[in-house]
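What follows is the residue order along each chain.
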Amino acid sequence: MKSTLFLILIGTLIGAVVTLFMMKQRAHWLAALEFELTPPPVPFSVLQDIQTAEQTSYAKRSRIRRAAEEAQDVLVFASPGLAYRLNFSVGRYRMKAQTIEDLLPWAIDQKYLDLKNIREEDFTHAIAYFSEQPVLNDWQASVYLEWLRQDHPELAAMNWSQIAADPMLVAKLYSGYMGAGGDWKTWRMNLTPGVVALKRLGLY
């Protein structure tokens, strides 16, 4: 009995030491990332609508699905690199790391991101971890929404004040945020939101 307890104690201590070492390494890695973020002018009300819609959808899922989503968020802290490679939907906006990765060249060109003496690849590997940081997650969602606005012919001709004042336009953007059902050509052709977006935003 004593030997078993001793082994458990040793195992616990070893685990604690390994965890502390990993946290130290991650802290040094994050401290080495120098960058400047400039968020697009997406109104807070629009971000809040998108965030609420995602949270409402999340709350309605089965316990197993919610547990899986929570496990993904935990994994981000344990291994940001693995969470990135598995392309989990994480953070308050349930965003996938690879969605943001695809937008990085555009964000840099638009001056929304300025990498200070670091490679884009190094920043990319931290994206999933950044999704768990409220301010950085807001920036990610803002960049994606601004890209969607500029990618839609009619929305691109509008400013954010116009969009924020019309729930149907916000819902249209949210349809794109969710992937446009894979039919981006149709999404760009009109201003009609998808049924799922309308339901999540309480408009249907």
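See the structure shown above.
Residues numbered from 1 in each chain as written. Predicted model: local features only at pLDDT ≥ 70, side-chain atom pairs only at ≥ 80, totals over all residues. Heavy atoms only, no water.

Engineer: Just to check I follow, could you spell out the overall build of the protein for this structure?
Structural biologist: Of the regular secondary structure elements, the protein holds 12 helices and 4 strands. Looking at the protein as a whole, 38% of its 204 residues qualify as buried. Accessible surface, the protein: about 11500 Å² in total, of which carbon and sulfur atoms supply 60%. (Helix = DSSP H or I, 4+ residues; strand = E, 2+ residues; numbered from the N terminus. Buried < 20%, exposed > 50% of the residue type's maximum accessible area, 1.4 Å probe, protein only. Areas by Shrake-Rupley, 256 points an atom, 1.4 Å probe, with all protein chains shown as cover.)

Engineer: Before we go on, may I ask you to explain unusual backbone geometry in this structure?
Structural biologist: In terms of backbone geometry, most residues other than glycine have negative phi values and most peptide bonds are trans. Although it is not a glycine, R94 sits at a positive phi angle of roughly 50°. Examined against the element boundaries, R94 turns out to sit in the loop between β2 (89–90) and β3 (95–96). For A180, which is not a glycine, the phi torsion comes out positive at approximately 55°. Assignment of secondary structure puts A180 in the loop between α10 (167–177) and α11 (184–189).

Engineer: Any chance you could explain the packing of helix α8 (residues 134–151) against α10 here in plain terms?
Structural biologist: Working note: a packed helix pair is described by the angle between its axes plus the distance between those axes. Between α8 and α10, the shortest axis-to-axis distance is 10 Å and the interhelical angle comes to 105°. In terms of axis orientation, α8 runs roughly perpendicular to α10. Contacts between α8 and α10 involve Y144, L145, L148 and R149 from the former and L173, G176 and Y177 from the latter. Its residues assigned to classes, the contact of α8 with α10 comprises 5 nonpolar, 1 polar and 1 charged. (Axes fitted to C-alpha atoms, helices over the stretch in contact; angles between N-to-C directions. Parallel < 35°, antiparallel > 145°, perpendicular 65-115°, else oblique. Contact = heavy atoms within 4.5 Å. Nonpolar A, V, L, I, M, F, W, Y, C, P; charged D, E, K, R; others polar.)

Engineer: Sorry if this is basic, but what is going on with empty space enclosed by the protein here?
Structural biologist: Enumeration over the complete set of coordinates arrives at 1 cavity of 30 Å³ or more. Taken as a whole, the largest cavity holds about 30 Å³ of empty space. L37, F123, F130, L136, W139 and Q140 together form the lining of the largest cavity. For the lining of the largest cavity, the element with the highest residue contribution is α8, accounting for 3 residues. In terms of residue class, the lining of the largest cavity is made up of 5 nonpolar, 1 polar and no charged. (1 Å grid on protein atoms, 1.4 Å probe; cavity = no way out; pocket = protein on both sides within 12 Å on 5 of 7 lines; lining within 4 Å. Points joined across faces, edges and corners; volume = space filled by probe spheres on them.)

Engineer: Please clarify how the side chain of S57 should be interpreted in this entry.
Structural biologist: Topologically, S57 is positioned in helix α2 (residues 44–59). A polar contact is formed between the side chain of S57 and the side chain of R200, at a distance of 3.3 Å. (Polar contact = N/O pair within 3.5 Å; in protein donor to acceptor, adjacent residues only side chain to side chain.)

Engineer: Teacher, can you tell me more about the pattern of salt bridges here?
Structural biologist: Pairing is possible between side chains that carry opposite charge, provided their charged atoms lie close to one another. Using the criterion set out here, one finds 6 salt bridges in the structure. For the salt bridge of E36 with K116, the shortest nitrogen-to-oxygen distance reads 3.5 Å. Here E36, found in strand β1 (residues 35–37), pairs with K116, found in the loop between β4 (113–115) and α6 (120–124); they are 80 residues apart in sequence, far enough to count as distant. Classification of E36 as partly exposed rests on a relative accessible area of 41%. The salt bridge partner of E146 is R149, with a shortest N-O separation of 2.8 Å. Of this pair, E146 and R149 both sit in helix α8, separated by 3 residues, roughly a single helical turn. In this structure R149 comes out as buried when scored by relative accessible area, which is 12%. (Salt bridge = Lys/Arg side-chain N within 4 Å of Asp/Glu carboxyl O.)

Engineer: What exactly am I supposed to notice about the packing of aromatic side chains here?
Structural biologist: Think of a pair of aromatic rings as described by two things: how far the centres are apart, and how the planes are tilted against each other in angle. Using the criterion set out here, one finds 6 aromatic pairs in the structure. Consider the rings of W184 and W187, whose centres lie 5.3 Å apart with planes at 80°: the pair is edge-to-face. One end of the pair is W184 and the other is W187, both in helix α11 and 3 residues apart, which spans about a single turn. A relative accessible area of 23% places W184 in the partly exposed class. Each residue in the set Y144, W147, Y174, Y177, W184 and W187 is aromatic and connected to the rest through ring pairs, giving one cluster. (Phe/Tyr/Trp six-rings, centres within 6.5 Å; stacked < 30°, edge-to-face > 60°.)

Engineer: Would you explain the layout of surface pockets in this entry?
Structural biologist: If a probe the size of a water molecule is rolled over the atoms, the empty space left behind becomes visible. Looking at the largest pocket, its volume works out to about 350 Å³. Along its surface, the largest pocket is lined by 15 residues, and E54, S89, R94, K96 and Y177 are the ones closest to its centre. Contributions of two or more residues to the lining of the largest pocket are made by α3 (63–78) and β3. Considered class by class, the residues forming the lining of the largest pocket number 5 nonpolar, 3 polar and 7 charged. Estimated volume of the second largest pocket: approximately 190 Å³. Lining of the second largest pocket is provided by 16 residues; of these, S175, A180, W187, P193 and G194 occupy positions nearest its centre. Elements with a contribution of two residues or more to the lining of the second largest pocket: α10, α11 and α12 (195–200). For the lining of the second largest pocket, the element with the most residues is α12, which contributes 3 residues. Looking at side-chain class alone, the lining of the second largest pocket contains 7 nonpolar, 7 polar and 2 charged residues.

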